Amino acid sequence: MAYRLALLSSMMLLLAMAANAGGIAIYWGQNGGEGTLAETCSTGNYDFVNLAFLATFGNGQPPMINLAGHCDPYSNGCTSLTTDIKSCQAKGIKVMLTIGGAAGSYYLTSAADAKQVATYLWNNFLGGKSSTRPLGEAVLDGIDFDIEGGTTQHWDDLARYLSKYSSQGKKVYLTAAPQCPFPDAYTGTALKTGLFDYVWVQFYNNPPCQYSGGITSLEDAWKQWTAEIPATKIFLGLPASPAAAGSGYIPVGDLTSKVLPAIKSSAKYGGVMLWDKYHDDQSGYSSSIKSHV
C-alpha cells in the first residue's frame, strides 16, 4: 500500500512538473551562418521561431524586412521561405514576424499610422492578401514586438488593431520582448492591454535585473513581470552564449540548478527565450537546457 501511494505521489509530481513544462523560443534571421529556417525547426528544440526583423516601417516609410545573409528582399528573394515556414508550422512550431530590433528605422506617429502598419502586416505576412508578400504565401502565426527605439507611443494601438484580425479566422498571436527593468520604456502601455499571449522578457544587457551570480535581482523582477503583466505566459529571455550579449549570460548549471527552480513555480511561467539561433549553434545551449525548461 505504501509503495502504491509513493508511486502515485511521484506520478502526480511528474504530472505537475509536466503541466508546468516550458518551451523555448528562438530568434532567427540575423546571421546567414545559422542554418536555414527548416533546419532550425528540425532540431526539435524550439516551440517558437521569431523571424528577425521587419526593421523599417511606420511614419510613411516603405516597410522593409531584413534577414541579413539569408535572402535579399529587394529582389523578392525571401519568398522562397514560404516552404520552410509551412514545414515549421506542420511540426506545431509557431512562426512569428519580429518588428523593430535594436538598429531599425521604425516609428509610429499616430493611431492612424498604427492602423496603417497593422493593415500592412495583415495583408503581407498574416491572413490578408497582397501581390507583394515578402515571405510568399505562408501565413505567419503572429507579430512579435521587439521595440527598442523610435517612439513610446501607439504600440498599444498597433496591438489592438492587430488583435482585431483574430476574428477573421486564424488567431493572430501577439508576443513581445521587453527589457527587464519594469515597466518597459517602449511597450509598457501596450503590454497592459492584456492582448499579448507570450512575453519574453530580456534578462540580459540589463544589469539591474539580470542574473549576476546571485538570483535576487532577477527573481524580484520576474515576480513583478508575472504579477503585473496580463499575458498568458512570461518567458525568461537569455543570450544563448556569452558572445550573444554584452552581459546577462547564465551558465547552464546555474540556470538549471538555481534560476529555473526559482521561477518555474509561477503559473505564468512559459519557458526560455534565446538570442539567437547562430549563438545557440555555437554553444549548444538549447540542447543542454531543454529537458529542464
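Refer to the structure above for everything that follows.
Because the structure is predicted, anything quoted here is derived from the model rather than measured. (Residues numbered from 1 in each chain as written. Predicted model: local features only at pLDDT ≥ 70, side-chain atom pairs only at ≥ 80, totals over all residues. Heavy atoms only, no water.)

Chemist: Looking at this structure, I do not really get the overall build of the chain. What am I missing?
Modeler: In terms of helices and strands, the chain carries 10 helices and 10 strands. Relative to the globule expectation of 19 Å for 293 residues, the C-alpha radius of gyration of the chain, 19 Å, shows essentially globular dimensions. Taking the principal axes of its C-alpha atoms as reference, the chain extends roughly 65 × 40 × 35 Å. Considering the chain as a whole, with its 293 residues, one finds that 49% of them fall into the buried category. Intrachain contacts of the chain at a sequence separation of at least 6 include 72% that bridge at least 24 residues. Surface summary for the chain: the accessible area is close to 12,400 Å², and the carbon and sulfur share equals 55%. One way to put it: in the chain the 19 positive side-chain charges average out to a point 10 Å from where the 22 negative ones average out. (Helix = DSSP H or I, 4+ residues; strand = E, 2+ residues; numbered from the N terminus. Rg over C-alpha atoms; globule rule 2.2 N^0.38 Å. Buried < 20%, exposed > 50% of the residue type's maximum accessible area, 1.4 Å probe, protein only. Contact = heavy atoms within 4.5 Å. Areas by Shrake-Rupley, 256 points an atom, 1.4 Å probe, with all protein chains shown as cover. Lys, Arg positive; Asp, Glu negative; His and termini not counted. Charge placed at Lys NZ, Arg CZ, Asp CG, Glu CD.)

Chemist: So what exactly am I meant to see when it comes to the nonpolar core here?
Modeler: Proteins that are soluble and globular tend to have nonpolar side chains buried together. The biggest cluster of nonpolar side chains holds 75 residues, and the ones touching the most others in it are Ile99, Leu121, Leu135, Phe145, Leu158 and Phe203. With 7 residues, the single largest contributor to this core is helix α4 (residues 111-125). Listed in part, the 17 residues of the second largest apolar core include Ala25, Ala52, Phe53 and Phe235. (Core = buried A, V, L, I, M, F, W, Y, C linked by side-chain atoms within 4.5 Å.)

Chemist: How should I be thinking about the packing of aromatic side chains in this particular structure?
Modeler: By convention here, two paired aromatic rings are described through the distance between centres and the angle between planes. Counting across every chain of the model gives 20 aromatic pairs. Ring geometry for tyrosine 120 versus phenylalanine 125: centroids 6.0 Å apart, planes at 70°, classification edge-to-face. With respect to burial, tyrosine 120 and phenylalanine 125 carry one shared label: buried. Taken together, the aromatic side chains of Phe48, Tyr173, Tyr198, Trp200 and Phe235 make up a single cluster linked through ring pairs. Its end group placed over the ring of tyrosine 173, lysine 171 keeps NZ or CZ at 4.9 Å from the ring centre. (Phe/Tyr/Trp six-rings, centres within 6.5 Å; stacked < 30°, edge-to-face > 60°. Lys NZ or Arg CZ within 6 Å of the ring centre and 35° of its normal.)

Structural measurements only, silent on function.
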